[in-house]
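Here is what each chain is made of, one letter per residue.
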Amino acid sequence: KVGGLTAHFERAAGGVGHLWSPRGARGWRWARAVFERPGGTTVFELLTADAPLMGRLSVPLTAARLVHEGRSLDSIGALASLSARSEMKDGTWSFRVSFGGVVAEGECRLDESLAAEFPYDAPGGRGVCRTSMTGAMRLTLREGGFILAELDSPEGAIVEIAAPSA
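What you see as residue numbers is a count from 1 along each chain, following the sequence as written. Two thresholds apply to this predicted model, a pLDDT of at least 70 for residue-level local features and 80 or more for giving and counting side-chain atom pairs, whereas whole-chain, interface and lining totals are computed over all residues. Note that water and hydrogens are dropped before the side-chain values are worked out from all heavy atoms of the structure.

**Quick look at the pairing of strand 2 (residues 40–52)**
The side chains of a regular strand alternate between the sheet's two faces. Put simply, the rule reads: Strand pairing is assigned whenever DSSP detects at least two bridges linking the two strands. Strands are runs of DSSP state E lasting at least two residues, helices are runs of H or I lasting at least four, and both sets are numbered from the N terminus onward.
Note: strand 1 (residues 28–37) against strand 2, 10 bridges, orientation antiparallel. Across the sheet, residue Trp30 finds its bridge partner in strand 2, namely Leu47. Looking at chain direction, strand 2 and strand 3 (residues 58–68) are connected through 10 bridges and run antiparallel. The residue bridging Pro52 from the neighbouring strand is Ser58, located in strand 3.

Pasting the structure below:
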């Protein structure tokens, strides 16, 4: 209930929020997609943050969450980050994370035409965050060498990219 307005949700996949500060990440990439399919709903969320170390040095830390076919899986912590792959190239974010025996691999893009942009305070100065709720995500889930699912959300993924200002 907010300001006298009440909203009721049923079978609605939730979201996540985050805060930043001059002592927080230098930049980040965050994405979330809900894939509706005949066999059920799959929810995938991924975050890679450039965590400051010393001076201008930083290390990328990646965490992910997957809900698929009744299983809720997390890929968090230092070991998960070391085995994860997360890279930006030409506006496409490619990623690979492991949830024990399940591997999620894919890519996503920000919808530039409908992206909101705002500044944020980052270690060492200001940054710019761009976010869109109409981004694209492709995701392949594998387990034991077999494909569990190939999922596509051409315009239903939330994609956010934040980087220090040049």
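**Let's talk about the environment of Ala31**
Residue placement: Ala31 occurs in strand 1. C-alpha of Ala31 to C-alpha of Glu107: the two residues are 76 residues apart in sequence and 10.0 Å apart in space.

**Side note on the environment of Pro60**
Operational definition: Only protein chains enter the area calculation, which uses a 1.4 Å probe; residues under 20% of their type maximum are buried, those over 50% are exposed, and those in between are partly exposed. What makes two residues a contact is simply this: any of their non-hydrogen atoms within 4.5 Å.
As for its position among the elements, Pro60 is in strand 3. On the accessibility criterion, Pro60 (47% relative accessible area) is partly exposed. Through-space distance from the C-alpha of Pro60 to that of Ser86 is 8.4 Å; in sequence the pair is 26 residues apart. Residues within four places of Pro60 in sequence aside, it is in contact with Thr48, Ala49 and Asp50.

**A few points about the packing of aromatic side chains**
Condition: Pairing of aromatic side chains requires ring centres within 6.5 Å, counting the rings of Phe and Tyr and the six-membered ring of Trp. Pairs whose planes differ by under 30 degrees are stacked, by over 60 edge-to-face, and all others tilted.
Under the definition given, this model contains 3 aromatic pairs. Consider the rings of Trp28 and Tyr120, whose centres lie 4.8 Å apart with planes at 50 degrees: the pair is tilted. Of this pair, Trp28 sits in strand 1 while Tyr120 sits in strand 8 (residues 116–122), and the two are 92 residues apart along the sequence. One exposure class covers both Trp28 and Tyr120, and it is buried. Ring centres of Trp93 and Phe95 lie 6.0 Å apart, and the angle between their planes is 70 degrees; on these two criteria the pair is classed as edge-to-face. By relative accessible area, Trp93 is classed as buried at 0%. Through a chain of ring-to-ring contacts, the aromatic side chains of Phe44, Trp93 and Phe95 assemble into a single cluster.

**Here's the deal with unusual backbone geometry**
For Glu69, which is not glycine, the phi dihedral falls at a positive 50 degrees. Take Glu69: it is sitting in the loop between strand 3 and strand 4 (71–75). Even without a glycine there, the phi angle at Asp90 is positive, about 50 degrees. Relative to the helices and strands, Asp90 resides in the loop between strand 5 (85–89) and strand 6 (92–99). For Asp90, a relative accessible area of 70% corresponds to the exposed category.

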